[in-house]
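Overview (structure and organization)
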Amino acid sequence: MEQSASESRRITLHAPEDFVGMRRAGQLAAATLDMITPHVRPGVTTGALDALILEFIEKNGATSATVGYRGYQHASCISINHVVCHGIPGTKKLMDGDILNIDVTVILDGWYGDTSRMYAAGTPSTKAKLLMDVTYESLMRGIKAVRPGARLGDVGHAIQSYVEKQRFSVVRDFCGHGIGRTFHASPNVLHFGRPGEGAVLKPGMFFTIEPMVNVGRPEVKVLDDGWTAVTRDRSLSAQFEHMIGVTEDGCEVFTYSPAGLHKPPYDI
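Keep in mind that this is a model prediction, so the values were computed, not measured.

A separate point is helix 5 (residues 152-165). Taking 1.5 Å as the rise per residue, helix 5 with 14 residues should run 20 Å; its terminal C-alpha atoms sit 20 Å apart, in good agreement. All of the buried residues in helix 5 are L152, G153, V155, G156, A158, I159, Q160, Y162 and V163. Buried residues along helix 5 sit against helix 4 (126-144), strand 6 (169-170), strand 8 (185-189), strand 9 (206-209) and strand 10 (212-214). The positive-phi residue at the C-terminal boundary of helix 5 is R167, with phi of around 70 degrees.

It is the contact of helix 2 (residues 18-36) with helix 3 (residues 46-59), at a shortest axis distance of 10 Å, that shows an interaxial angle of 140 degrees. Relative to helix 3, helix 2 is oriented oblique. The element helix 2 and its partner helix 3 pack so that their crossing is right-handed. Across the interface between the two elements, L28, A31, T32, M35 and I36 of helix 2 pack against L49, L52, I53, F56 and I57 of helix 3. In terms of residue class, the contact of helix 2 with helix 3 is built from nine nonpolar, one polar and no charged.

Moving on to the packing of aromatic side chains. Within the structure shown, the criterion is met by eight aromatic pairs. Ring centres of F19 and F206 lie 5.0 Å apart, and the angle between their planes is 85 degrees; on these two criteria the pair is classed as edge-to-face. Taken together, the positions of F19 in helix 2 and F206 in strand 9 put the pair 187 residues apart, joining distant regions of the chain. The same class applies to F19 as to F206, namely buried. Aromatic side chains Y119 and Y266 sit 5.5 Å apart centroid to centroid with 55 degrees between the ring planes, which places their arrangement in the tilted category. Taken together, the residues span a long stretch of sequence, with Y119 in strand 5 (residues 111-120) and Y266 in the segment after strand 15 (251-253) at a distance of 147 residues. Considered together, Y119 and Y266 belong to a single accessibility category, that of buried residues. Through a chain of ring-to-ring contacts, three or more aromatic side chains come together here, namely F19, F206 and F254. Its guanidinium or amino end placed over the ring of F192, R172 lies 4.9 Å from that ring's centre, counting from NZ or CZ.

Examined against the element boundaries, E252 turns out to sit in strand 15. Of the polar contacts made by the side chain of E252, one reaches the side chain of R23; its length is 2.6 Å. When sequence neighbours within four positions are dropped, the list of residues in contact with E252 reads F19, R23, M243, I244, G245 and T247.

What follows deals with the sheet that holds strand 10. Strand order across the open sheet formed by three strands is 6-10-13, with antiparallel pairing between neighbours. The open sheet is flanked by strand 6 and strand 13 (237-239), the only strands paired with a single partner. By the bridge criterion, two bridges tie strand 6 to strand 10 in an arrangement that is antiparallel. Bridging from a neighbouring strand, S169 pairs with N214 of strand 10. Taken strand by strand, helix 4 contacts strand 10 and strand 13, and its axis lies near 35 degrees from that of strand 13.

Calculation criteria
Residues numbered from 1 in each chain as written. Predicted model: local features only at pLDDT ≥ 70, side-chain atom pairs only at ≥ 80, totals over all residues. Heavy atoms only, no water. Helix = DSSP H or I, 4+ residues; strand = E, 2+ residues; numbered from the N terminus. Expected span 1.5 Å × (residues − 1). Buried < 20%, exposed > 50% of the residue type's maximum accessible area, 1.4 Å probe, protein only. Contact = heavy atoms within 4.5 Å. Axes fitted to C-alpha atoms, helices over the stretch in contact; angles between N-to-C directions. Parallel < 35°, antiparallel > 145°, perpendicular 65-115°, else oblique. Left-handed = near helix turned anticlockwise from the far one by under 90°. Nonpolar A, V, L, I, M, F, W, Y, C, P; charged D, E, K, R; others polar. Phe/Tyr/Trp six-rings, centres within 6.5 Å; stacked < 30°, edge-to-face > 60°. Lys NZ or Arg CZ within 6 Å of the ring centre and 35° of its normal. Polar contact = N/O pair within 3.5 Å; in protein donor to acceptor, adjacent residues only side chain to side chain. Pairing = 2+ DSSP bridges.

Here it is as structure tokens:
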């Protein structure tokens, strides 16, 4: 999908010193996901996980970007099994074998840190583990495509081509986004596309890459709560998200796990 010149002009190019603020916010977001890791187990409620997340964020001098965002009242989105994204924490207890995405965004000194990671409660199925592995690898291939002079279509193509070779599908309804001192900004970062299309990447661009991958078809629907997106065919879905900044010779990932907890199974 070609990005118009007007859209390209709306993309903020940040100064080198802005990387410091994004690095701190990104590392706090990643540390939040590290903290919650040992708490993800069968029998725990998603609401209890969310309460721990909010407490940790505030204890570290930050605020949650999602509490109060468009009426949302939680510090995380927790999306289980066939929930693609924006799952609302509540009284639901995790069951053995569930897989789930936990997505957090912090605001630290005015900078937004946004990241998500997959978890398993108990022992996931072979198919679920493969899905998580493929989704993580697709994210890393997308990140590898980021460098000055490349285009966003190169990033989307790297993700889509890998996922579809594994006979899974990429969700089209949601995308990554620009970020910085605002939660969502230009550009839209699609997780599918053709090489050589889309906005040209330049040093100082900050954005998320967050592919959502389904075992079945790519179509999703949003439930009546206005937030929860699920696969239409009720197949399993997975997502990983990193926040990056384009540098002079590649990119910096702001949200790598400080504890080295990159993807399941987590050795804790």
